Amino acid sequence: MTRVGDEEWVISHTTGAPTRLREQVVAHFRAASAAGLTLRLAEAGDAALAAATAAGRGRDTALDLLAADALITLALLATAERSPETLAADAAMLRFRAVAA
C-alpha cells in the first residue's frame, strides 16, 4: 500500500474516535517516515509516547498517551489484517521497541 493509502487506512480505522485524538493520531502518523504500515505506526507510537514523556503532566500529555496507545493498537491491527502469520513476531518487535525506549 502507498503512503497515501496507508494514511487512508489510518483515517478509516479511527472513524468514531474523539476528534482531538484522531487528529493527534493522524499528525503523529504523518510525521513518521518508516517504510511499511506497521513500522510507520510503531514509529508514530514511539513519537507520541516521547511527546507525552517530555510534556510532563496535563491534558496534552494524556492526549499523547492515548495517541501512543491507539497507534500501537493500530500497528497490531494492521498486521492482523494484512499478514496474520507475522502477528506474534510483530507483537514481539513492538514490545521490544517499548522496552528499549
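This one's a predicted model, so the numbers in the text were calculated from it and none came from an experiment.

Trainee: Would you explain the nonpolar core in this entry?
Mentor: Note that soluble globular proteins tend to have their nonpolar side chains buried in a common cluster. Core analysis: the largest hydrophobic core is formed by 21 residues, its most contacted members being Trp-9, Val-10, Val-25, Leu-37, Leu-41, Leu-71 and Leu-74. Of all the secondary-structure elements, those providing two or more residues to this core are α1 (3-13), α2 (19-31), α3 (37-55) and α4 (59-82). For this core, the leading source of residues is α4, giving eight residues. Those residues in contact with Val-10, other than ones at most four positions away along the chain, are Val-25, Val-26, Phe-29, Leu-37, Leu-41 and Leu-74.

Trainee: Any chance you could explain the pattern of salt bridges here in plain terms?
Mentor: Oppositely charged side chains can pair when the atoms bearing their charge come close. For the structure shown, the criterion picks out two salt bridges. A salt bridge links Asp-6 to Arg-82; its shortest N-O distance comes to 3.7 Å. Highlighted residues: Asp-6 in helix α1 and Arg-82 in helix α4, separated in sequence by 76 residues. Exposure remark for Asp-6: the relative accessible area of 5% places this residue in the buried category. Owing to a relative accessible area of 38%, Arg-82 belongs among the partly exposed residues under this scheme.

What counts, and at which threshold
- Residues numbered from 1 in each chain as written.
- Predicted model: local features only at pLDDT ≥ 70, side-chain atom pairs only at ≥ 80, totals over all residues.
- Heavy atoms only, no water.
- Core = buried A, V, L, I, M, F, W, Y, C linked by side-chain atoms within 4.5 Å.
- Buried < 20%, exposed > 50% of the residue type's maximum accessible area, 1.4 Å probe, protein only.
- Helix = DSSP H or I, 4+ residues; strand = E, 2+ residues; numbered from the N terminus.
- Contact = heavy atoms within 4.5 Å.
- Salt bridge = Lys/Arg side-chain N within 4 Å of Asp/Glu carboxyl O.

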